[in-house]
Amino acid sequence: MNIVQTFYDNMAESYDKLFLDWNAESRGQALILDRLFSKNGFDKKKEILDCACGIGTQSIGLAALGYQVTASDISEKELAEAKKRSLENNVDIRFECADFCALEDVFSEEFDIVICMDNALPHMLTHEALASAAKSIAKRVKKGGIFVASIRDYDALLMEKPPYSPPYIHKTEKGKRVSFQTWTWEDDIYYLTQYIIDDEEKLQVSKFDCAYRATKREELTGLLYQSGFSEVSWQFPEETGFYQPVVMAKK
């Protein structure tokens, strides 16, 4: 099991604590994606593959809007959490365990839309690994379809290489919850520790370790073109309302 699988397996039951209200976040992100899809000519009859679904944050919201959604992830425990949440939200989603660097091992079909949100692609710690992911994803996108992903603004972050992320502080019915990350940099790779502090009826502190590679937009854009996409564009939070920059590649 690699560091990414371990990170998300360990985070599975705590991931929703990164949000004040996970269900509201799922609905809100789905509406943002729905607007983006609609703007580019895709209606709710289109088939979606969420190839890094985690606990279902985007998949469940999109399915609730009426999209036909297939969802995959490398973490079995996050998939189990996503399945549970899909039942709680009364949506029908096909779930599969799959590495987005080798989607052809699980999926033979192509999809109108493939998404990979929440900074999943920068888990690829080398240029070659990122190229493998881009090629694998491109093969699952229909001709005329789109790929949509979000990543941190590493073009800006690499200029300063901050040692931590700003904390999120959520007031809850029983107290407060604080989450933040510390970052240790080695060139363009940083080792992350995610802290979640529950200060409610009793104090609880959880920590989870992982690694990312700060992927610049130019690199990812080039790899998407090399993988067979004909048009690649970027949009920023002030344009979309999404909390990270979003890349869209048309095939």
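So, here is what we can say about the structure in this document. (Residues numbered from 1 in each chain as written. Predicted model: local features only at pLDDT ≥ 70, side-chain atom pairs only at ≥ 80, totals over all residues. Heavy atoms only, no water.)

A look at the sheet that holds strand β1 (residues 47-50)
Strand pairing in a sheet takes place through backbone hydrogen bonds and is either antiparallel or parallel in direction. Taken in spatial order, the 7 strands make up an open sheet running β3-β2-β1-β4-β5-β11-β10, and their pairing is mixed. Every interior strand has two partners, whereas the edge strands, β3 (94-97) and β10 (231-235), have only one. Strand-to-strand twist across the sheet, computed as the mean angle between neighbouring axes with direction ignored, equals 20 degrees. On the sheet, helix α3 (residues 57-64) packs against β1, β2 (68-73) and β4 (111-116) and is oriented at approximately 170 degrees with respect to β2. (Pairing = 2+ DSSP bridges. Helix = DSSP H or I, 4+ residues; strand = E, 2+ residues; numbered from the N terminus. Axes fitted to C-alpha atoms, helices over the stretch in contact; angles between N-to-C directions. Contact = heavy atoms within 4.5 Å.)

Re the pairing of strand β11 (residues 246-250)
The element β11 is largely enclosed, with a buried count of 4 among its 5 residues. Here strand β5 (residues 141-150) runs beside β11; their pairing, made up of 5 bridges, is antiparallel. Paired with Phe147 across the two strands is Ala249, which belongs to β11. Judged from the 5 bridges that link them, β10 and β11 form a sheet pairing that is antiparallel. (Buried < 20%, exposed > 50% of the residue type's maximum accessible area, 1.4 Å probe, protein only.)

Focus: the sheet that holds strand β6 (residues 168-172)
Read across the open sheet, the 4 strands follow the order β6-β7-β8-β9; overall the sheet is antiparallel. Edge strands, defined here as strands with exactly one partner in the open sheet, are β6 and β9 (203-213). Taking each pair of neighbouring strands and ignoring which way they run, the sheet shows an average axis angle of 15 degrees. As paired elements, strand β8 (residues 189-199) and β9 share 11 bridges and run antiparallel to each other. Along β9, the bridge assignment pairs Thr193 with Asp209.

Observations concerning the packing of aromatic side chains
Counted under the stated rule, the structure contains 12 aromatic pairs. Measuring from ring centre to ring centre gives 5.8 Å for Phe37 and Tyr67, while their planes differ by 80 degrees; the resulting arrangement is edge-to-face. Taken together, the residues Phe37 in helix α2 (residues 22-39) and Tyr67 in the loop between α3 and β2 connect sequence positions 30 residues apart. Residues Phe37 and Tyr67 agree in their burial class; the two are buried. Seen in terms of ring centroids, Trp183 and Trp185 are 6.2 Å apart; in terms of plane orientation they differ by 80 degrees. Their pairing is edge-to-face. Looking at Trp183, the relative accessible area reads 6%, which means it is buried. Among the aromatic residues, those joined into a cluster by ring pairs are Tyr154, Trp183, Trp185, Tyr190 and Tyr212. Positioned above the aromatic ring of Trp22, the side-chain terminus of Arg85 is 4.6 Å from the ring centre. (Phe/Tyr/Trp six-rings, centres within 6.5 Å; stacked < 30°, edge-to-face > 60°. Lys NZ or Arg CZ within 6 Å of the ring centre and 35° of its normal.)

Let's talk about the layout of surface pockets
By volume, the largest pocket amounts to about 1,000 Å³. Around the largest pocket, the lining comprises 45 residues; the ones closest to its centre are Tyr15, Asp118, Asn119, Tyr212 and Tyr243. Take the lining of the largest pocket: its biggest share by element is 5 residues, from helix α1 (residues 3-11). Per-class residue counts for the lining of the largest pocket are 26 nonpolar, 13 polar and 6 charged. (1 Å grid on protein atoms, 1.4 Å probe; cavity = no way out; pocket = protein on both sides within 12 Å on 5 of 7 lines; lining within 4 Å. Points joined across faces, edges and corners; volume = space filled by probe spheres on them. Nonpolar A, V, L, I, M, F, W, Y, C, P; charged D, E, K, R; others polar.)

Some points on unusual backbone geometry
The phi dihedral of Asn90 falls on the positive side, at around 60 degrees, and the residue is not glycine. Here Asn90 shows up in the loop between α4 (76-88) and β3.

Some details on α4
When the terminal C-alpha atoms of α4 are compared, their 19 Å separation across 13 residues agrees well with the 18 Å that a helix rising 1.5 Å per residue should span. Among the residues of α4, those classed as buried are Glu78, Leu79, Glu81, Ala82, Arg85 and Ser86. Burial along α4 is one-sided: seen end-on, the buried residues are contained in an arc of 160 degrees. Across from the buried face of α4, at angles greater than 90 degrees, the exposed residues are Glu76, Lys77, Leu87 and Glu88. Packed against the buried residues of α4 are α1, α2, α3, β2 and β3. Just downstream of α4 lies Asn90, where phi reads positive at about 60 degrees. (Expected span 1.5 Å × (residues − 1). Arc of directions from axis to C-beta.)

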